[in-house]
Amino acid sequence: MGRDPRRDLLAGLTVAIVALPLALGFGVSSGLGAEAGLATAVVAGALAAVFGGSNLQVSGPTGAMTVVLVPIVAQHGPGGVLTVGLLAGLMLLGLAALRAGRYMSYIPASVVEGFTLGIALVIGLQQVPNALGVEKPEGERVLVVTWNALRDFLAAPNWTALALAASVAVVMLAGARWRPTVPFSIMAVAGATLVAQLLHLDNAAVIGELPAGLPAPSLGFVEPSHLGALLAPAVAVAALAALESLLSAQVADGMTVGQRHDPDRELFGQGLANIASPLFGGVPATGAIARTAVNVRTGASSRLAALFHAAVLAAVVYAAAPLVSRIPLAALAGVLIATAVRMVEVSSLRAMVTATRSDAVVLVLTALATLALDLVYAVILGLLVAGFLALRAVALQARLDQVDFRPDLPGEHSDEEHRLLAEHIVAYRIDGPLFFAAAHRFLLELSEVADVRVVILRMSRITTVDATGALVLRDAVEKLTRRGIVVMVSGVRPGQRRALESVGALDQVSREDREYETTPEAIESARRHLERAGLLDHRPA
């Protein structure tokens with residue numbers, strides 16, 4: 001932290017200015033109030049900065065977490081959210097102990113882009129009631145709530161709230177394109193608050209009174225008897241916190257040279273942050289991609305920047321709570337709508353959609369599932385579909401090709417002998433994986449072998465074999481043997497032998513001593529078999 005403290009302090013101040021309206025907005029959107037968002041930014045931001053695995057990560061309340069928390073508040077109340085945060089923190093510590101951080105890198109980019117798009121849509125739609133100046137309608141589904149809010153607005157339009165929200169969003173979006181390093185969010189919110197105060201706009205609801213300090217830990221948790229009902233939401237929150245935090249840390253690494261985060265330590269830091277945040281009335285926290293990116297762009301080089309960001313927000317809580325409490329809800333809605341718009345990287349989406357058809361399907365499906373269901377189900381669905389499409393692509397790479405074995409014939413052979421051998425011997429090369437997704441197609445192709453005397457299977461190019469593939473190979477050998485066809489194999493690799501022998505795929509071949517190291521050896525044995533059958537003239541030794 002002592003390398004370049006001036007740059008780190010300046011970066012931390014800039015991030016705090018950007019984070020203030022976001023913390024307020026996400027606190028309100030979660031259902032626990034603006035003070036919960038501030039408490040999360042201060043407590044979780046400080047602990048994650050000290051104990052996390054990234055030198056540049058900035059943590060706090062995020063839009064993605066808000067999407068998950070809204071239904072928890074509706075079903076279990078504020079105490080349910082606090083309890084879920086505490087349980088999720090314990091789960092994150094468990095993931096850190098199991099060293100699970102490294103496995104997050106296996107999540108496909110199409111799933112990440114899909115749920116990011118879905119989150120942006122949900123965040124934007126969640127702000128519609130406040131942006132229109134109407135009471136938030138009952139319901140958990142964001143599409144239903146948005147529709148009802150539009151209907152209420154049309155019945156009694158509140159143009160003041162709409163103007164405030166729209167002006168804040170436009171200033172933020174235009175300012176970000178003009179001067180990306182200037183904190184237009186705080187400027188727009190301050191301007192909207194000043195206009196509302198000067199014009200005495202009573203119909204522009206404000207966020208309400210904030211406590212002169214962090215909320216007391218007496219907000220309350222649920223009764224122990226209700227913990228069972230909160231385990232599933234806690235798993236969802238822990239999974240999201242791990243995923244978003246590690247993705248954010250990866251983004252920070254990609255924006256710098258020489259910085260590499262420790263994924264398991266990052267999970268540990270996020271676990272401590274999520275255990276402590278509910279004790280001060282805060283909501284679950286994650287690494288925040290947007291704030292982390294601002295931190296890196298403004299020159300942060302150590303944890304001091306994220307720690308100072310939390311200290312600045314704590315000073316705001318204790319020194320400026322009366323001023324902050326006058327911010328119109330519509331202005332915060334405008335901040336979050338602009339944030340949602342900026343979350344969508346059009347170039348990344350275009351690249352992903354045009355890369356392959358599978359990537360496009362996974363992205364769109366994940367985004368729609370996030371909007372219609374919830375984030376956790378969307379990610380699970382996206383992973384399942386991506387896995388299925390990946391298996392399908394790998395399975396299509398497996399081939400069974402008939403090959404010309406004549407170049408492998410030992411010795412000199414006449415054209416007539418070549419013709420006779422080709423009439424009775426067929427050689428196949430198996431390329432790629434022989435596993436459950438491709439095995440049955442392989443069996444079908446091999447079962448359609450023409451009426452020949454010997455089939456040689458060249459297995460040196462098989463990349464992997466599982467139990468299903470080995471069983472199918474065994475069945476194919478047995479079917480060919482029942483038809484009176486001699487099966488020989490060559491080039492079985494040591495790493496595949498265990499799977500083949502475990503199901504007896506090579507038993508028939510081994511009993512008749514028809515397994516060979518090389519293809520020429522198999523061809524010579526096939527030729528001797530044809531000589532014994534009287535189909536070829538015996539060659540003198």
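Up top you'll find the structure we're talking about.
Owing to the predicted nature of the structure, the values given are computational and were not obtained by experimental measurement.

A. The arrangement of unusual backbone geometry in detail. Even without being a glycine, arginine 99 presents a positive backbone phi close to 55°. Mapped onto the elements, arginine 99 comes out in the loop between helix 3 (63-97) and helix 4 (109-126). According to the relative accessible area criterion, arginine 99 is partly exposed, its value standing at 48%.

B. Region of the structure containing the packing of helix 3 against helix 10 (residues 263-279). At their nearest, the axes of helix 3 and helix 10 sit 7 Å apart, and the two run at 160° to each other. When the axes of helix 3 and helix 10 are compared, the pair comes out roughly antiparallel. Handedness of the helix 3/helix 10 crossing: left-handed. In this structure, helix 3 uses Leu82, Gly85, Leu86, Gly89, Leu90, Leu92, Leu93, Leu95 and Ala96 to contact helix 10, whose residues at the interface are Asp264, Leu267, Phe268, Gln270, Gly271, Leu272, Asn274, Ile275 and Pro278. Classifying every residue of the contact of helix 3 with helix 10 gives 12 nonpolar, five polar and one charged.

C. The arrangement of helix 11 (residues 289-297) in detail. When we look at burial in helix 11, the residues that qualify are Arg291, Thr292, Ala293, Val294, Asn295 and Val296. Contacts made by the buried residues of helix 11 are with helix 1 (5-30), strand 1 (59-60), helix 9 (227-254) and helix 12 (304-319). Following helix 11 by one or two positions, glycine 299 adopts a phi angle in the positive range, close to 100°.

D. The side chain of threonine 366, seen in detail. Secondary-structure assignment places threonine 366 in helix 16 (residues 357-372). Residue classification places threonine 366 among the buried positions, given a relative accessible area of 0%. When residues no more than four places from it in sequence are discounted, the contact partners of threonine 366 are Val111, Gly114, Phe115, Ala378 and Gly382.

E. Examining the nonpolar core more closely. If you look at the biggest cluster of nonpolar residues, it comprises 85 residues, and the most contacted ones within it are Leu24, Phe115 and Val237. The dominant element in this core, judged by the number of residues it contributes, is helix 3, at 14 residues. Judged by nonpolar contacts, the second largest core, of 31 residues, contains Val426, Val449, Ile462 and Leu506.

F. Structural context of helix 21 (residues 494-502). Three or more residues of helix 21 are buried, namely Gln496, Ala499 and Leu500. An end-on view of helix 21 places all buried positions within 100° of arc, on one side of the element. Relative to its buried face, helix 21 has exposed residues pointing more than 90 degrees away, namely Pro494, Arg498 and Ser502. Its buried side turned inward, helix 21 meets strand 6 (462-465) and helix 20 (467-482). Phi for glycine 504, located one or two positions after helix 21, is positive at around 75°.

G. Molecular detail of the pairing of strand 5 (residues 454-458). Most of strand 5 is tucked away, with five of its five residues classed as buried. Where burial is concerned, the two faces of strand 5 agree: the one with Val454, Ile456 and Arg458 and the one with Val455 and Leu457 are both buried. For strand 5 and strand 7 (residues 486-490), the ladder comprises five bridges, and the chain directions are parallel. Residue pairing in the sheet places arginine 458 in a bridge with serine 490 of strand 7.

H. A look at empty space enclosed by the protein. A complete count under the given rule lists three cavities of 30 Å³ or more for this structure. Taken as a whole, the largest cavity encloses approximately 70 Å³ of empty space. If you trace the largest cavity, you find it lined by Ala398, Arg399, Leu400, Ile430, Pro433, Leu434, Ala438, Arg441, Phe442 and Glu445. Elements with a minimum of two residues in the lining of the largest cavity: strand 3 (399-403), strand 4 (425-434) and helix 19 (439-447).

I. Layout of the pairing of strand 4. The element strand 4 is extensively covered by neighbouring structure, given that 10 of its 10 residues are classed as buried. Bridge count between strand 3 and strand 4: five bridges; the pairing is antiparallel. Pairing of glutamine 402 across the sheet is with tyrosine 428, part of strand 4. In this sheet, strand 5 lies alongside strand 4 in parallel orientation, the contact comprising five bridges. Note that in strand 5 the partner of valine 426 across the bridge is valine 455. Note that strand 4 and strand 6 share two bridges and pair parallel.

J. Layout of the side chain of arginine 303. Turning to its location among the elements, arginine 303 is positioned in the loop between helix 11 and helix 12. A distance of 3.1 Å separates polar atoms of two side chains, one belonging to arginine 303 and the other to asparagine 55. For arginine 303, the residues in contact, after removing those within four places along its chain, are Met1, Ala49, Val50, Phe51, Gly52, Gly53, Ser54, Asn55 and Arg265.

K. Broad picture of the packing of helix 2 (residues 34-51) against helix 10. Axis separation between helix 2 and helix 10 bottoms out at 8 Å; the angle between their running directions is 150°. Taken together, helix 2 and helix 10 sit at an angle that is classed as roughly antiparallel. The two elements helix 2 and helix 10 cross, and the hand of that crossing is right-handed. Across the interface between the two elements, Thr40, Val43, Ala44, Leu47, Ala48, Val50 and Phe51 of helix 2 pack against Arg265, Phe268, Gly269, Gln270, Leu272, Ala273, Ala276 and Ser277 of helix 10. The residue inventory of the contact of helix 2 with helix 10, partitioned by class, reads 10 nonpolar, four polar and one charged.

L. Just the environment of alanine 242, in detail. By the secondary structure assignment, alanine 242 is in helix 9. For alanine 242, a relative accessible area of 0% puts it in the buried group. Each C-alpha atom of the pair alanine 242 and isoleucine 289 lies 13 Å from the other, and the pair is 47 residues apart in sequence. Beyond its immediate stretch of four places on either side in the chain, alanine 242 contacts Leu92, Leu95, Met104 and Leu267.

The rules behind the values
Residues numbered from 1 in each chain as written. Predicted model: local features only at pLDDT ≥ 70, side-chain atom pairs only at ≥ 80, totals over all residues. Heavy atoms only, no water. Helix = DSSP H or I, 4+ residues; strand = E, 2+ residues; numbered from the N terminus. Buried < 20%, exposed > 50% of the residue type's maximum accessible area, 1.4 Å probe, protein only. Axes fitted to C-alpha atoms, helices over the stretch in contact; angles between N-to-C directions. Parallel < 35°, antiparallel > 145°, perpendicular 65-115°, else oblique. Left-handed = near helix turned anticlockwise from the far one by under 90°. Contact = heavy atoms within 4.5 Å. Nonpolar A, V, L, I, M, F, W, Y, C, P; charged D, E, K, R; others polar. Core = buried A, V, L, I, M, F, W, Y, C linked by side-chain atoms within 4.5 Å. Arc of directions from axis to C-beta. Pairing = 2+ DSSP bridges. 1 Å grid on protein atoms, 1.4 Å probe; cavity = no way out; pocket = protein on both sides within 12 Å on 5 of 7 lines; lining within 4 Å. Points joined across faces, edges and corners; volume = space filled by probe spheres on them. Polar contact = N/O pair within 3.5 Å; in protein donor to acceptor, adjacent residues only side chain to side chain.

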